[in-house]
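# Structure at a glance
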Number of protein chains: 2
Amino acid sequence: MRRYHHGDLRNALLTAARALLEAKGASALAVREIARQVGVTAPAAYHHFSNLDDIILGLAQVAAEELAAALREAGSAPSGRLLGMGRAYIAFACRNPQLYRLLFGDGLSTTSPARVEIDRLQQQIYTLVSAELPRAAETGETFGHGVFIWSVAHGLSLLLIDDRIAAADRQALVDSVLKLAGRGLRP
Amino acid sequence: MRRYHHGDLRNALLTAARALLEAKGASALAVREIARQVGVTAPAAYHHFSNLDDIILGLAQVAAEELAAALREAGSAPSGRLLGMGRAYIAFACRNPQLYRLLFGDGLSTTSPARVEIDRLQQQIYTLVSAELPRAAETGETFGHGVFIWSVAHGLSLLLIDDRIAAADRQALVDSVLKLAGRGLRP
């Protein structure tokens, strides 16, 4: 059995859980297997997480922090906020498909108390996505605008993750969809 | 055990599978349980479907037909094609949340041969969604426009199904998002 400092083991367990999640999906997550991968016993893992939902919640927190950091950084992109943040959101989802799904509660039992916390994390992301949207400040219609841009980013992310779109140049497609969100479909 | 005419039993099995899917999710689907619900033996069910994937494929076909019919009907709505078809698409997803997910392959094993057929059904839906989009005919940029409107409809459907949006008036929110897809976000 390997030995870890307190915080190190927590992080090592989360890192192993994240790798297992991306490799095999949420249904493959199990405390015993995650412990095995970092070389400790299951009881040692339970010292840091009281159950699997707790680990999933830890992963969702990591995901929300990474996505929020990427959105904040992109918000000052010279290409403009909408394009920059949209690109960053969709790139995060495509780079971490299973982690992105988990941020929407996939793999969490419907009765899990962790759902409340996931809802709170989602609210943070929504607030970031909809913050300072163009037009919003003028018209006060922030809500509909925020839901619109979130729908585009969420929908396109999942269509790409699920391989529903055959595009030779994915980045060009993402940019073209985000530009349409800016200028609209009508001629 | 109940007795059915040939085609009747096939339909009865699909109807029971659909009800079970919506009530308990794709993971609850099992040939034996579906057979039990219509009052026949499992071997009688296997006479119509060679395995569970075959039933799931049958459900996906039903879903694709219903959605296509709803989109075709809405395409001549006096409110305009974009608003009419968008409303119909999102209403179908919200009325049949589990069936809608199944149309994207949820619940199907990744190696299932039924995936090819699901991809074909999806292509049909995409063709309908993107058909005669405004502007598309003029600019020839049909692909990006189709993906854009599909992203909006798919993203908003899933955010609503997953209860990610707290909206007092869902229909008003759907309309406001679809109108933004038409005119764009920028002032």
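Definitions and limits used
Residues numbered from 1 in each chain as written. Chains lettered and ligands numbered in written order. Predicted model: local features only at pLDDT ≥ 70, side-chain atom pairs only at ≥ 80, totals over all residues. Heavy atoms only, no water. Helix = DSSP H or I, 4+ residues; strand = E, 2+ residues; numbered from the N terminus. Buried < 20%, exposed > 50% of the residue type's maximum accessible area, 1.4 Å probe, protein only. Contact = heavy atoms within 4.5 Å. Areas by Shrake-Rupley, 256 points an atom, 1.4 Å probe, with all protein chains shown as cover. Lys, Arg positive; Asp, Glu negative; His and termini not counted. Charge placed at Lys NZ, Arg CZ, Asp CG, Glu CD. Phe/Tyr/Trp six-rings, centres within 6.5 Å; stacked < 30°, edge-to-face > 60°. Buried area = accessible area lost by both parts, 1.4 Å probe. Salt bridge = Lys/Arg side-chain N within 4 Å of Asp/Glu carboxyl O. Polar contact = N/O pair within 3.5 Å; in protein donor to acceptor, adjacent residues only side chain to side chain. Nonpolar A, V, L, I, M, F, W, Y, C, P; charged D, E, K, R; others polar. Least-squares fit on C-alpha atoms with pLDDT ≥ 70 in both. Core = buried A, V, L, I, M, F, W, Y, C linked by side-chain atoms within 4.5 Å.

A count of helical and extended segments in chain A gives ten helices and zero strands. Counting from the amino terminus, helix and strand elements in chain A follow one another as α-α-α-α-α-α-α-α-α-α. With the C-alpha coordinates aligned to their principal axes, the bounding extent of chain A is approximately 65 × 40 × 30 Å. A total of 187 residues make up chain A; the buried ones form 52% of that total. Restricting to contacts in chain A with at least 6 residues of sequence separation, those with at least 24 account for 62%. Summing over all exposed atoms, chain A offers an accessible surface of approximately 8,700 Å²; the carbon and sulfur share of this is 52%. Of the charged side chains in chain A, 20 are positive and 18 negative; the average position of the first set lies 3 Å away from that of the second.

On to the packing of aromatic side chains, then. Scanning the entire structure with this criterion turns up eleven aromatic pairs over all chains. Here Phe148(A) and Phe148(B) contribute two aromatic rings whose centre-to-centre distance is 6.4 Å and whose plane-to-plane angle is 80°, an arrangement assigned as edge-to-face. With Phe148(A) in helix α9 (residues 142–161) and Phe148(B) in helix α9 (residues 142–161), this residue pair bridges two chains. The same class applies to Phe148(A) as to Phe148(B), namely buried. Summarising the aromatic geometry, the rings of Tyr126(B) and Trp150(B) are spaced 5.5 Å apart at their centres and angled 50° between planes, so their arrangement reads as tilted. A residue pair is termed long-range when its members are at least 10 positions apart, and Tyr126(B) in helix α7 (residues 114–130) and Trp150(B) in helix α9 qualify at 24 residues. Trp150(B) matches Tyr126(B) in its accessibility class, with the two residues each being buried. Pairwise contacts between aromatic rings join Tyr89(A), Tyr100(A), Phe104(A), Tyr126(A), Phe143(A) and Trp150(A) into one cluster.

On to the interface of chain B and chain A, then. Contacts between chain B and chain A engage 40 residues on the former and 40 residues on the latter. Interface area, chain B with chain A, both sides summed: about 3,700 Å², of which 65% is carbon and sulfur. Asp119(B) is the salt-bridge partner of Arg164(A), the closest N and O atoms lying 2.6 Å from each other. Taken together, the links from chain B to chain A amount to eight residue pairs in polar contact (both at pLDDT 80 or more). Broken down by secondary-structure element, the contributors of at least two residues to the side of chain B that touches chain A are α7, α9 and α10 (170–183) of chain B. Counting residues per element, the side of chain B that touches chain A draws most heavily on α9(B), at 14 residues. Classifying every residue of the side of chain B that touches chain A gives 23 nonpolar, nine polar and eight charged.

What follows is about the side chain of Glu117(A). All names here are of chain A. Tracing the backbone shows Glu117 in helix α7 (residues 114–130). Glu117 sits in the buried class, given a relative accessible area of 19%. Of the polar contacts made by the side chain of Glu117, one reaches the side chain of Arg120; its length is 2.8 Å. With residues near it in sequence (within four places) discarded, Glu117 still touches Leu57 and Gln61.

The subject of this paragraph is the side chain of Asn96(A). Relative to the helices and strands, Asn96(A) is located in the loop between α5 (81–95) and α6 (97–102). Look past the residues within four positions of Asn96(A) in its chain and what remains in contact with it is Arg18(A) and Glu22(A).

Laying chain B over chain A is done by rotating through 180° and shifting 0.0 Å along the axis; what remains is an RMSD of 0.0 Å. The symmetry that links the two subunits is that of a two-fold axis. The share of interface residues of chain B whose copies in chain A are also at the interface is 100%, consistent with both copies meeting through the same surface.

Let us look at the nonpolar core. Counting 134 residues, the largest nonpolar core has Leu71(A), Tyr89(A), Phe148(A), Leu71(B), Tyr89(B) and Phe148(B) as its most contacted members. Residues contacting Phe148(B), with those up to four places away along its chain left out, are Phe148(A), Val152(A), Val177(A), Leu180(A), Ala181(A), Leu185(A) and Ala181(B).

What follows deals with the pattern of salt bridges. Side chains carrying opposite charge are able to pair once their charged atoms draw close together. Per the counting criterion, the structure on display carries 14 salt bridges over all chains. In this structure, Arg120(A) engages Glu117(A) in a salt bridge whose closest nitrogen and oxygen atoms are separated by 2.8 Å. Taken together, the residues span about one helical turn, with Arg120(A) and Glu117(A) both in helix α7 at a distance of three residues. Across the pair Asp162(B) and Arg101(B) runs a salt bridge, and its minimum N-O distance is 2.4 Å. Here the residue Asp162(B) occupies a position in the loop between α9 and α10, and Arg101(B) occupies one in helix α6 (residues 97–102), the gap between them amounting to 61 residues. Accessibility expressed as a relative area gives 21% for Asp162(B), which makes it partly exposed.

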